[in-house]
Each structure stands twice: as C-alpha cells, then as structure tokens.
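Inside the fold
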Number of protein chains: 2
Amino acid sequence: MQKNLTNSTRPPFASLVRELPSVVPFVPPEALERQSGKKIQIRIGANESTFGISPLAQKAMAEAVTEIHWYGDSECYDLRSELARIHQIRMDEIVIGSGIDELLGLIVRAFLEPGDRVVSSLGGYPTFNYHVAGFGAKLETVPYQNFMNDLDALAAKAVETGARMVYLANPDNPTGTFHSARALEKFMDKLPKDCLLLLDEAYIEFAPAAETLPLDLENPRIIRTRTFSKVYGMAGARIGYALAEQEIIRAIDKIRNHFGVNRVAQAGAIASLQDTEFLRHVVQAVAEGRKEYEQLAKKLGFTAIPSHTNFVAIDVGCDQKAAAIREALFEKGIFIRVPQVAPLNRCLRVTVGTPEERRIFAQALEEVVSE
Amino acid sequence: MQKNLTNSTRPPFASLVRELPSVVPFVPPEALERQSGKKIQIRIGANESTFGISPLAQKAMAEAVTEIHWYGDSECYDLRSELARIHQIRMDEIVIGSGIDELLGLIVRAFLEPGDRVVSSLGGYPTFNYHVAGFGAKLETVPYQNFMNDLDALAAKAVETGARMVYLANPDNPTGTFHSARALEKFMDKLPKDCLLLLDEAYIEFAPAAETLPLDLENPRIIRTRTFSKVYGMAGARIGYALAEQEIIRAIDKIRNHFGVNRVAQAGAIASLQDTEFLRHVVQAVAEGRKEYEQLAKKLGFTAIPSHTNFVAIDVGCDQKAAAIREALFEKGIFIRVPQVAPLNRCLRVTVGTPEERRIFAQALEEVVSE
C-alpha cells in the first residue's frame with residue numbers, strides 16, 4: 001500500500017549533521033556489560049557518587065514521583081530562588097538545564113558560528129568537544145602540562161587563533177587538578193577581550209573554598225556550570241545549572257528546551273541544597289578516600305595525581321599498562337576508565353567509592369599489578 | 001579586584017541567537033500562580049493526565065530514585081528493546097529523548113538549514129515553531145479548516161514553498177481532531193518527494209487503532225514522535241521517543257545529548273509499557289470524560305470539537321468570550337488554556353480530568369457562563 005512512498009527520496013540532512021562522524025562521547029557501563037556479557041560489581045568509572053543522595057532529597061524525590069503526571073515548572077523558580085539565596089546572586093543570573101551536558105550544548109549554540117575557534121586542553125571533556133563539532137565550530141587544543149591545564153598555553157592559543165571561547169574544567173576532569181582564583185584571574189587577563197571563558201565547575205564543591213574563584217556575574221566574559229550529579233549524588237536525575245551575567249542567561253532562555261528539566265530532579269535539587277550537613281559529610285568522606293588511593297598508588301609504585309574532585313587519576317607510567325590494568329579489573333567486575341588521549345592515557349581514573357568499594361578495588365588492583 | 005574584567009567587552013552571541021525574540025512557547029501554570037497570587041485548584045490546562053501513572057511505573061520509579069546516583073543508560077537499551085517488541089520494529093528505528101519537545105528540536109536541527117521552509121497549521125504546536133525559529137528556518141502556515149488540519153492546503157503550501165519539512169500533529173493539538181490513515185496516505189502522495197513529514201503522535205493512544213497510520217519505517221520521508229507524558233501520565237518525568245528509518249535515527253544520534261534521559265523516567269517508561277491494563281483503563285476513562293464535556297458544551301449552547309485526545313476544545317463562538325471565561329475560571333482556581341491564534345482562540349481547551357475534577361469544572365463553567 002505504501003510501496004511508492006518507501007521508494008521515494010530520503011530528505012537531505014542539514015549539511016552540518018551530514019558531515020558529522022557517528023561518535024558518542026562516552027560508552028555507558030551498561031553497554032560495556034552488554035558487549036562483554038560480564039556484570040559490573042563495582043562501578044567507579046564515571047565519577048558517580050556512591051555515597052548516594054541526601055535523605056532529604058530521597059524523600060523529596062519519592063514524593064515528586066507521586067506527582068509525576070504534572071510537568072515540572074519550566075522556570076525552575078523555586079530551585080533558582082534557592083540557588084540565588086545560597087550564592088547571594090540574582091535569580092536571572094541562573095539557568096537550569098538537564099545536566100551540564102545540555103548546558104554546554106546550549107552555550108556553544110548561543111555563542112559560536114560554524115567555523116569559529118574554541119580552545120580547550122587536549123584530552124579534555126569529550127562531551128564539550130562533541131557539542132563544538134555538532135554546531136560546526138573548530139576545536140583548537142593545547143597539551144596538559146604535568147597533568148594541569150596549561151593556562152598560559154591556553155591563553156596564547158586563544159590569542160593566536162582568535163578564539164571566541166575557551167573551555168576550562170576547574171577542578172579538572174579527567175586529571176582532578178585545580179587552579180586557584182589567583183591563577184584564573186591572571187589567565188582571564190591574557191584572553192582576547194571578546195573571548196568567553198566557559199568554566200566548568202562540576203567538581204567545585206570538592207575544591208578548597210578559600211581558593212576558588214569568587215562569583216562575579218557582572219563580568220560578561222565568563223559562564224560557570226555546576227551540577228547536582230557529583231557531590232549531591234544525583235547523576236541519574238539530570239540536573240545542573242549555569243551562572244552568568246543576565247544578558248547571557250536571557251540568550252540561553254531563547255533557545256533552551258523550557259520544559260526539559262524533570263520534576264523529580266527539581267525537587268531533589270532543592271532538598272539537596274538544604275542539607276548542608278550531607279554535603280559536608282560527602283566532601284569529608286571523599287577526602288578520606290582520596291588519601292587511601294594516594295597511599296595505594298604509592299604502595300604499588302604509581303603516582304596519584306593530586307585531586308580536588310571525587311576521583312583520582314593514578315599515573316601507572318605507560319598507556320599499554322593502564323589499558324591492561326583496566327581490562328583486568330573489568331574481568332573482575334570493576335569498572336574504571338582510562339582517558340583516551342596521551343599522556344592522560346597512562347592514568348587509571350578511579351572514582352572515590354565507599355570504604356567497602358575502595359577495599360575491593362585496592363585488593364583487585366594489587367592482584368592485577370602483581371600478576 | 002576584577003573590575004577591569006567587568007568592564008571588558010561582552011563576547012558576541014551567534015547571529016541566529018542574537019536575532020531571536022525572547023519568547024517562551026508556554027507560560028507554566030506555576031508562573032500564572034506567581035503572577036496572580038492565586039492558587040490553582042484544578043489543573044486541566046496542559047493535557048497532563050490526572051489519572052496518574054500505572055502502579056507498576058510508580059513502583060519502578062520509586063526504586064529508581066534509590067539508584068539515582070547512577071547515570072541512566074545513555075543508549076536507553078532496555079526501553080528501546082521493549083518498544084521494539086511492542087511495535088514489532090527494530091531497536092535502531094527508535095531514539096529516546098527527554099520528551100517530544102527535545103526530539104522536535106533535534107529533528108529540526110538534523111534536517112533544516114537556516115532559511116529552509118517548513119509548513120505547519122496556523123496555531124499549531126508553539127514549541128515546534130520555537131525550534132524552527134531557533135535554528136533559523138522559516139515557518140509557512142495554513143489555516144485550519146473546520147478545526148481540522150487542512151491536508152490539501154498543507155501539501156499545496158509545501159509544494160509552493162519548496163518546503164523541506166511539514167509538521168502535523170495527529171491527533172491534533174490544540175483542536176483534538178484526527179485524520180485517518182487513508183487521508184494521511186493521500187496527503188503524503190501530494191508532498192514534494194524530498195519533503196519530510198514530521199508526524200507528532202503525542203495523543204495517538206487515544207485515537208481509534210484501526211484508523212491510525214501503520215508504522216512503515218522503511219519510508220525515509222516520515223518521522224513519528226510519541227510520548228509518555230499523556231496517556232501514561234508521566235509528563236513530569238520527561239521522556240518520549242521518535243520512530244524513523246535507521247539512517248534518520250543515526251543522524252539524530254550524532255547530535256543528541258546522550259546522557260540526557262533520566263534514570264527515573266527510563267524505569268517508569270519500561271514499567272508503563274508492561275501495564276497494558278492501565279493503558280486501557282485511562283483510554284476508557286478519558287473517553288467517558290470527553291462525552292461529559294460534549295454534553296456540557298451542548299447544554300451551554302457551545303460546540304465541543306470532536307476529540308481523539310485527552311482534552312476537548314470547546315468552541316464558545318468568539319475569542320473575547322473565550323478569554324473572559326478563561327479568566328473567570330482562573331479566578332475560581334481552575335486552570336485551562338485558550339489557544340492564542342484565530343480562529344482557535346474561540347475555544348476553551350480543557351483536559352479531561354477525573355470525574356471529580358470534571359464535576360467541579362462543569363459547575364464552575366455553568367456559573368461563569370450564566371453570569
């Protein structure tokens with residue numbers, strides 16, 4: 001009956017999309033399980049917080065499920081109101097998204113034309129790079145320097161290429177390293193005057209508060225992104241936010257998916273912000289875990305890169321060794337990641353799990369290394 | 001300390017975004033409450049299902065909250081697997097999004113270049129129009145004919161303008177009217193051979209199954225979008241899907257936000273699909289409610305437009321009257337919507353609520369009309 005339709009022409013894709021490669025930023029652990037037929041027992045490869053969520057958030061989210069037939073508030077008013085109170089900023093300096101990943105796409109779309117240059121570290125966050133490619137902008141990269149984002153080189157590259165945007169994760173992923181407010185201020189002074197700094201602060205709650213860059217949202221050259229996926233343990237809820245000058249927020253409001261932030265996530269985020277005790281507990285527990293990983297690395301003759309996040313990158317000295325260890329751990333049901341780009345691919349990136357998870361990981365790593 | 005930064009240039013927005021107006025597709029009921037200071041008691045204005053969700057979905061979602069610290073599967077494998085089974089199609093003919101709204105944006109982005117023509121009915125879904133504008137395409141519209149999408153006129157407009165895409169909601173929103181498979185097949189024959197039909201089937205479960213267009217996903221000229229927001233009662237969870245030929249799905253996979261679909265929504269959607277009894281119950285209950293609204297309209301001298309959805313558009317004869325009734329109902333704590341574009345703005349669009357909600361609405365409407 002529809003044969004003549006089936007034989008008809010396929011409508012052409014937009015040229016940008018037609019030319020994109022079929023890549024995904026991350027293969028999920030579920031797909032690794034399906035491909036291998038192996039079940040993951042210890043999931044410490046995606047920096048999810050195995051310390052879970054605040055009991056207040058748990059309660060709020062369970063209640064929200066009973067009202068899930070209502071759309072969430074597209075203005076995320078109550079959550080922005082709470083964030084404004086906590087950060088002592090204005091509500092119109094905040095936009096909520098379904099995770100930083102969505103916000104990165106919106107920010108790229110709001111600022112970049114096809115062909116525009118963007119600067120980032122070589123081996124930086126793949127999802128940002130995915131969005132840059134997806135909107136036709138061109139990524140220029142600078143190598144890490146001692147596993148630190150090389151601020152001087154990033155600024156120089158931005159000047160050299162006339163970049164419209166620099167992406168910087170601070171604390172960094174996948175290395176865990178951190179630049180202080182002082183270093184970032186110097187860095188911004190060196191950027192071209194019309195270049196935007198996209199500062200991804202997904203892990204900021206784990207960094208020393210006294211050294212983090214203060215919020216100055218009157219500065220129209222910086223956007224900060226934050227998330228409930230890490231310290232608050234809500235990765236599966238998909239909620240994050242961006243902080244920026246009002247006119248930038250207004251621009252993102254022109255293109256964002258207004259009803260895209262789900263009701264359960266909004267309820268959980270509001271409750272999470274109110275549980276400062278839980279936040280302190282997770283930050284403290286993670287700091288202890290980082291110390292354990294450092295000692296473990298030392299014991300095995302490896303180097304733990306000093307981390308200001310909820311994971312530790314352990315430099316095992318060579319990329320083949322890192323890959324082999326990752327595979328052997330996976331055989332034992334332990335999921336960690338190894339970054340794909342040199343020299344980061346010498347590192348095991350391991351999420352700080354619970355004490356029990358760390359014990360199992362440590363034992364497995366020792367076994368694997370001794371074999 | 002950062003004064004010199006504050007005074008620096010604002011990085012320019014992308015030209016497309018700079019030129020967009022600051023409009024939102026829908027003002028949420030929560031904002032109406034905040035603006036008016038009035039509390040909504042009966043929320044029957046956004047076609048949310050007040051019949052709630054399946055008990056199986058409720059259970060699955062509550063469990064998912066306890067695992068919310070894990071990201072959801074970015075491949076949505078289990079959900080696609082279940083959908084493939086139910087629709088008897090292939091998994092790679094399905095893509096999951098955080099609601100149809102997100103998918104509409106992705107489809108527009110995948111197919112349209114700035115300046116490309118798109119055809120839709122005048123007064124059709126505002127969120128689709130929002131995405132069309134957001135990616136720089138140009139909307140061409142055709143008036144409704146007796147509150148039906150005018151298929152002949154839509155096809156003629158597509159031919160006349162060389163449109164690359166036609167958007168059609170079937171069953172329609174905001175009118176509730178429906179075109180049979182036979183009518184749609186004739187329609188597709190009249191479209192330009194390289195024009196994509198974006199068939200939004202958000203309300204398809206409420207339409208007569210025997211008359212709905214069969215799935216033929218080898219046809220590369222049609223994409224169908226569906227949702228868990230309506231009959232399944234999961235609007236606040238943000239999850240929907242698109243069905244299309246594999247190569248189209250692959251293109252959307254190149255640009256979608258891979259970890260964007262939250263874990264709670266995925267769990268709830270899978271469970272919802274398994275509860276066919278609940279589905280039948282809601283469809284039946286909504287059909288009863290539609291009849292009540294028809295009788296109510298008749299009693300008051302209005303015309304209920306025959307609906308194949310979970311709402312009824314009641315034509316009160318004049319736009320000022322419709323606006324006045326909407327306002328008076330809002331004063332009584334009842335939230336309905338009146339479409340903004342003529343001649344649809346003569347209609348009250350009322351979601352089919354529970355028997356109790358319908359009783360309160362009927363009483364309020366009678367009072368308002370008699371005043």
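Position labels on residues start from 1 in each chain and follow its written sequence. For this description, chains carry letters from A and ligands carry numbers from 1, given in the order in which they are written. Residue-level local features of this predicted model are given only where pLDDT is at least 70; pairs of side-chain atoms are given and counted only at 80 or more, and the full residue set underlies all totals for whole chains, interfaces and linings. To obtain the side-chain values, all non-hydrogen atoms of the structure were included, while hydrogens and water were left out.

- The name an unreviewed UniProt entry assigns to chain A is Histidinol-phosphate aminotransferase, from the organism Lihuaxuella thermophila.
- Among the UniProt annotations of chain A, the heading Subunit (unreviewed entry) holds the following wording: "Homodimer."
- UniProt positions are given in the numbering used here, feature names are shortened, and annotations may be inferred rather than shown by experiment. Of the comments in the UniProt record for chain A, the one headed Cofactor (unreviewed entry) reads "pyridoxal 5'-phosphate".

**Describing the pairing of strand β8 (residues 240-243) of chain A**
All names here are of chain A.
- The side-chain alternation of β8 yields two buried faces, one formed by Gly 240 and Ala 242 and the other by Tyr 241 and Leu 243.
- Judged from the four bridges that link them, strand β2 (residues 94-97) and β8 form a sheet pairing that is antiparallel. What sits directly across from Val 95, in β8, is Ala 242.
- Any two strands between which DSSP finds at least two bridges are classified as paired. Only DSSP runs of H or I reaching four residues or more are called helices, and only runs of E reaching two or more are called strands; each is numbered from the N terminus. The pairing of strand β7 (residues 222-227) with β8 spans four bridges and is antiparallel. The residue bridging Arg 226 from the neighbouring strand is Tyr 241, located in β8. Relative accessibility under 20% of the residue-type maximum defines a buried residue, over 50% an exposed one, and the middle range a partly exposed one, all with a 1.4 Å probe and only protein chains included.

**Regarding the UniProt feature "modified residue: N6-(pyridoxal phosphate)lysine" (unreviewed entry) in chain A**
- This chain's UniProt record puts "modified residue: N6-(pyridoxal phosphate)lysine" (unreviewed entry) on Lys 230 of chain A.
- Inspection of the secondary structure puts Lys 230 of chain A in the loop between β7 and β8.
- Using a relative accessible area of 6% as the deciding quantity, one classes Lys 230 of chain A as buried.
- Every residue pair with non-hydrogen atoms within 4.5 Å of one another is taken to be in contact. If we ignore the near neighbours within four places in the chain, the residues touching Lys 230 of chain A are Ala 46, Asn 47, Glu 48, Ser 49, Ala 202, Tyr 203 and Phe 206 of chain A together with Tyr 71 of chain B.

**Observations regarding the sheet that holds strand β6 (residues 196-200) of chain A**
Residue and element names in this part refer to chain A.
- An order of β2-β8-β7-β6-β5-β3-β4 is seen for the seven strands of this open sheet, with the pairing classed as mixed. The sheet terminates laterally at β2 and β4 (138-142), the two strands that pair on one side only. Strand-to-strand twist across the sheet, computed as the mean angle between neighbouring axes with direction ignored, equals 20°.
- Its contacts with the sheet place helix α5 (residues 77-87) against β2, β7 and β8, and it is angled at close to 130° to β2. Angular values range over 0 to 180 degrees, each being the angle between N-to-C directions of two axes fitted as lines to C-alpha atoms, with helices fitted over their stretch in contact.

**Topic: the interface of chain B and chain A**
- Contact with chain B, which involves 97 residues of that partner, is made by 97 residues of chain A.
- When a carboxyl oxygen of Asp or Glu lies within 4 Å of a side-chain nitrogen of Lys or Arg, that pair is called a salt bridge. The tally of links between chain B and chain A comes to eight salt bridges.
- Here Arg 34 of chain A ties to Glu 75 of chain B by a salt bridge, and the two come within 2.8 Å at their closest N and O atoms.
- Counted as a polar contact is a pair of N or O atoms within 3.5 Å, where, for protein atoms, one must be capable of donating a hydrogen and the other of accepting one, and residues adjacent in sequence contribute only when both atoms are in side chains. The tally of links from chain B across to chain A stands at 46 residue pairs in polar contact (both at pLDDT 80 or more).
- Gly is placed with the polar residues, together with every amino acid not listed as nonpolar (Ala, Val, Leu, Ile, Met, Phe, Trp, Tyr, Cys and Pro) or charged (Asp, Glu, Lys and Arg). Residue composition of the side of chain B that touches chain A, grouped by class: 43 nonpolar, 25 polar and 29 charged.

**Quick look at the relation of the copies chain B and chain A**
- In this comparison the copies share one frame, found by least squares on the C-alpha atoms of residues holding pLDDT of at least 70 in both. Relative to chain A, chain B is turned by 180° and slid 0.0 Å along the rotation axis, the superposed coordinates differing by an RMSD of 0.0 Å. Both copies are brought into coincidence by an operation consistent with a two-fold rotation axis. Relative to the rotation axis, the C-alpha of Ala 62 of chain B is the closest in chain B, positioned 2.9 Å from it.

**With respect to the domain arrangement of chain A**
All names here are of chain A.
- Parsing chain A into structural domains produces domain 1 (26-51 + 277-370) and domain 2 (55-274).
- Note that domain bounds follow an automatic or database assignment of domains. On a C-alpha basis, the centroid separation for the pair domain 1 and domain 2 is 25 Å.
- Taken together, the 28 residues of domain 1 in the interface contact 26 residues of domain 2.
- Where domain 1 abuts domain 2, roughly 2,100 Å² becomes buried across the two surfaces, and 72% of that area is made up of carbon and sulfur atoms.
- The buried area of a pairing is the accessible area, by a 1.4 Å probe, that goes missing from both parts when the two are put together, added over both. Taken as a group, Phe 26, His 308 and Leu 344 account for 27% of the area that domain 1 buries against domain 2, more than any other trio of residues on that side.
- Viewed at the interface, domain 2 and domain 1 are joined by zero salt bridges.
- Applying the counting rule to domain 1 against domain 2 returns five residue pairs in polar contact (both at pLDDT 80 or more).
- Those elements giving two or more residues to the side of domain 1 that touches domain 2 turn out to be α12 (276-299), β10 (311-315) and β12 (347-351).
- With six residues, the single largest contributor to the side of domain 1 that touches domain 2 is α12.

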